[in-house]
Amino acid sequence: MKTDTLRVAIIIGSTRAQRFGPTVAEWFHGHAAAHGGLDLDLIDLAHTGLSDVLTDDPDSAVLALAPRLAQADAFVVVSPEYNHGYPAPLKTAIDCYVEEWKAKPVAIVCYGGISGGLRAAEQLRQVFGELHAVTIRDTVSFHNCWNKFDDAGQPLDLAGAGAAATALLNQLTWWARALRDARGARPYPL
């Protein structure tokens, strides 16, 4: 019997000390949990042990993360914008895998300074397209994010951020179900 519950991996893309990513990701995780029908897997790249160097033989950290990604029906990437792009550890994590991303939807929650991480989001769309993943059009973006959350880790504009997150989750779950059904009916063509 097929379950209607979707497995969604939420990936924290920054590994820097003093990073803001966990604040954004934990808020989004809570919102996604309240959305319902989702089995959430919060993956913090800072705690995966992935190396900065890609080799032909995957190391134990790459092998350990692979099943978590493979089991996901969909992904949410939480990424900052560093120097008009997304962080190198996130690129490494994306490049370590191929089949795990294929024919699955990816939503982007971004944050940063004045651009709110949107330049990083646009670059991520190009990369995920090359991996045959489908990126969700809408994003959740926090401009000047350090001034947009309270001390409890909640957005100051909770209604606006919540509405954006709900729209993103509605689109993500639609695509996740459609692509899961399609993958189950026939193999994705190469």
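Attention in this report is confined to the structure presented alongside it. This structure is a prediction, so every number in the text was calculated from the model and none was measured.

### Observations concerning the environment of V140
1) Next: Relative to the helices and strands, V140 is located in strand 5 (residues 134–143).
2) Next: Contacts of V140, omitting those with residues within four sequence positions, involve W27, I108, V109, C110, A164, A165 and L168.

### Structural notes on the packing of helix 1 (residues 21–35) against helix 5 (residues 158–185)
1) Next: At their nearest, the axes of helix 1 and helix 5 sit 10 Å apart, and the two run at 60 degrees to each other. The angle between helix 1 and helix 5 falls in the class oblique. The handedness of the crossing between helix 1 and helix 5 is right-handed. Contacts from W27, F28, H31, A32 and H35 in helix 1 reach L158, A161, G162, A165, T166, L168, L169, N170 and T173 in helix 5.
2) Next: In terms of residue class, the contact of helix 1 with helix 5 is made up of 8 nonpolar, 6 polar and no charged.

### Concerning the sheet that holds strand 2 (residues 38–44)
Backbone hydrogen bonds are what pair the strands of a sheet, in a parallel or an antiparallel way.
1) Next: What the 5 strands build is an open sheet, ordered 2-1-3-4-5; its pairing is parallel. At either margin of the open sheet sits one strand with a lone partner, and together these are strand 2 and strand 5. The sheet shows a mean angle of 20 degrees between the axes of neighbouring strands, taken without regard to direction.
2) Next: Relative to strand 3 (residues 74–80), strand 1 (residues 6–12) is paired through 5 bridges, and the arrangement is parallel. For I12, the partnering residue across the bridge sits in strand 3 and is V78.
3) Next: Set on the sheet, helix 1 makes contact with strand 1, strand 2, strand 3, strand 4 (105–112) and strand 5; between it and strand 2 the angle comes to about 170 degrees.
4) Next: Relative to the sheet, helix 4 (residues 118–130) contacts strand 3, strand 4 and strand 5, its axis offset from that of strand 5 by approximately 165 degrees.

Calculation criteria
Residues numbered from 1 in each chain as written. Predicted model: local features only at pLDDT ≥ 70, side-chain atom pairs only at ≥ 80, totals over all residues. Heavy atoms only, no water. Helix = DSSP H or I, 4+ residues; strand = E, 2+ residues; numbered from the N terminus. Contact = heavy atoms within 4.5 Å. Axes fitted to C-alpha atoms, helices over the stretch in contact; angles between N-to-C directions. Parallel < 35°, antiparallel > 145°, perpendicular 65-115°, else oblique. Left-handed = near helix turned anticlockwise from the far one by under 90°. Nonpolar A, V, L, I, M, F, W, Y, C, P; charged D, E, K, R; others polar. Pairing = 2+ DSSP bridges.

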